[in-house]
Amino acid sequence: MNINVSERDHVTLIEASGRIDSMNAHQLGEALSHEIDGGHSQIVLDLANVDFMSSAGLREIVAALKKVRASGDLRLARPSPRVQEVLEMAGLDTIFQIFPSQVEAVGSY
Amino acid sequence: MSESHLRIVAVPAQVPIACDFVAAAAVTAGLDDNGVYHCQLAVDEACTNIIEHGYQMRGENQVIDIICQTEIRQFIISILDDGPAFNPLRQSTPDPTTPLEQRSSGGWGIHFIRQFMDDVQYFHHNQRNCLVLVKRLQ
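Computed from a predicted model, the values in this text were never measured in an experiment.

Observations concerning the pairing of strand E4 (residues 73-77) of chain A
Residue and element names in this part refer to chain A.
1) Next: The buried fraction of E4 amounts to four of the five residues, a majority that puts the element mostly inside the structure.
2) Next: Pairing of strand E3 (residues 42-53) with E4 involves five bridges; the strand directions are parallel. Across the sheet, residue Val44 finds its bridge partner in E4, namely Arg75.
3) Next: The handedness of the E3 to E4 crossover, carried by helix H2 (residues 55-68), is right-handed.
4) Next: Sheet topology places E4 next to strand E5 (residues 98-99); two bridges connect them, and they run parallel. Within E5, the position partnered with Ala77 by the bridge is Phe99.
5) Next: For the crossover that starts at E4, traverses helix H3 (residues 81-89) and ends in the parallel E5, the hand is right-handed.

Some details on the interface of chain A and chain B
1) Next: Taken residue by residue, the interface counts 18 residues in chain A and 18 residues in chain B.
2) Next: Mapped onto the side of chain A that touches chain B, the elements with two or more residues apiece are H2 and H3 of chain A.
3) Next: Per element, the largest residue contribution to the side of chain A that touches chain B is eight residues, and it comes from H2(A).
4) Next: Across the side of chain A that touches chain B, the residue classes tally to 10 nonpolar, four polar and four charged.

What about the environment of B:Glu71?
Residue and element names in this part refer to chain B.
1) Next: Relative to the helices and strands, Glu71 resides in the loop between strand E2 (63-70) and strand E3 (74-81).
2) Next: For the pair formed by Glu71 and Asn87, sequence separation is 16 residues and the distance between their alpha carbons is 25 Å.
3) Next: Ignoring any residue separated from it by four or fewer positions in sequence, one finds Glu71 in contact with Met1 and Ile76.

Some thoughts on unusual backbone geometry
1) Next: Positive phi, close to 35°, is recorded for A:Arg78, a residue that is not glycine.
2) Next: As for its placement among the helices and strands, A:Arg78 is situated in the loop between E4 and H3.
3) Next: At B:Gln56, a position not held by glycine, the phi torsion is positive, near 55°.
4) Next: Mapped onto the secondary structure, B:Gln56 falls in the loop between helix H2 (33-54) and E2.

Remarks on the sheet that holds E2(B)
Residue and element names in this part refer to chain B.
1) Next: Across the sheet, which stays open at both edges, the five strands sit in the order E1-E2-E3-E5-E4 with antiparallel pairing between neighbours. Looking at the sheet topology across the chains shown, the edges are occupied by strand E1 (2-9) and strand E4 (119-125). Across the sheet, the axes of successive neighbouring strands diverge by a mean angle of 15°, strand direction being ignored.
2) Next: Here seven bridges tie E4 to strand E5 (residues 128-136), and the two strands are oriented antiparallel to one another. Paired with His125 across the bridge in E5 is Arg128.
3) Next: Here helix H1 (residues 15-29) sits on the sheet in contact with E1, E2 and E3, set at roughly 5° to E2.

The rules we used
Residues numbered from 1 in each chain as written. Chains lettered and ligands numbered in written order. Predicted model: local features only at pLDDT ≥ 70, side-chain atom pairs only at ≥ 80, totals over all residues. Buried ≥ 20, exposed ≤ 12 C-beta atoms within 10 Å, placed from the backbone. Helix = DSSP H or I, 4+ residues; strand = E, 2+ residues; numbered from the N terminus. Pairing = 2+ DSSP bridges. Right-handed = clockwise from strand over helix to strand, strands pointing away. Contact = placed C-beta atoms within 7 Å. Nonpolar A, V, L, I, M, F, W, Y, C, P; charged D, E, K, R; others polar. Axes fitted to C-alpha atoms, helices over the stretch in contact; angles between N-to-C directions.

By themselves, these figures tell us nothing about what the structure is for.
The structure is reproduced here in structure tokens:
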């Protein structure tokens, strides 16, 4: 998995790619926590290039959402079909705000 | 009819090896891309559960055996371990409608296995846990 963090219009954009599984999901969790702990509470997680996400990955994004909700939000951009499938299966498609593009996700804040 | 067998050390770093092994066997069996992916994800979840809960993350000297069998109408993955007897199918199914605040972190792995595979069975035989995952061939 690769993680790239940048800023767009005062929104923190985290782009993840590759495989997110039990071996590396904590890296995504740490990246999200690092931003939240640093006072960045408007976050977009772009999942377009994630081609494998197990329940370990979902655990991390749910934990991050719980953590940031008090002061901001974690929104998802263009999840790949395989990520979308597990999001729906876990009922997370109704808990996260999900956008079909980065621009729309960033602009939603 | 064909059969292949892989033994991995029960540590997280070996789980992708098990997934790749199963993916190759699933492709040979004739599953489509989605079917192959579902088998990989199910094996990832099953092996992760064994490593985290069965072996309590102390599996350096333990193994997980993965056996892939292709029959006329089905692709069968058997996952065997030597942890304490544990039937994951007896665990309660998490509710996808649970609000964020009330969500616990666990339980989704076995839910995904059930959803992605056509049949899932558990046996305890010869002091080993055996989880059998079945995907029907078209």
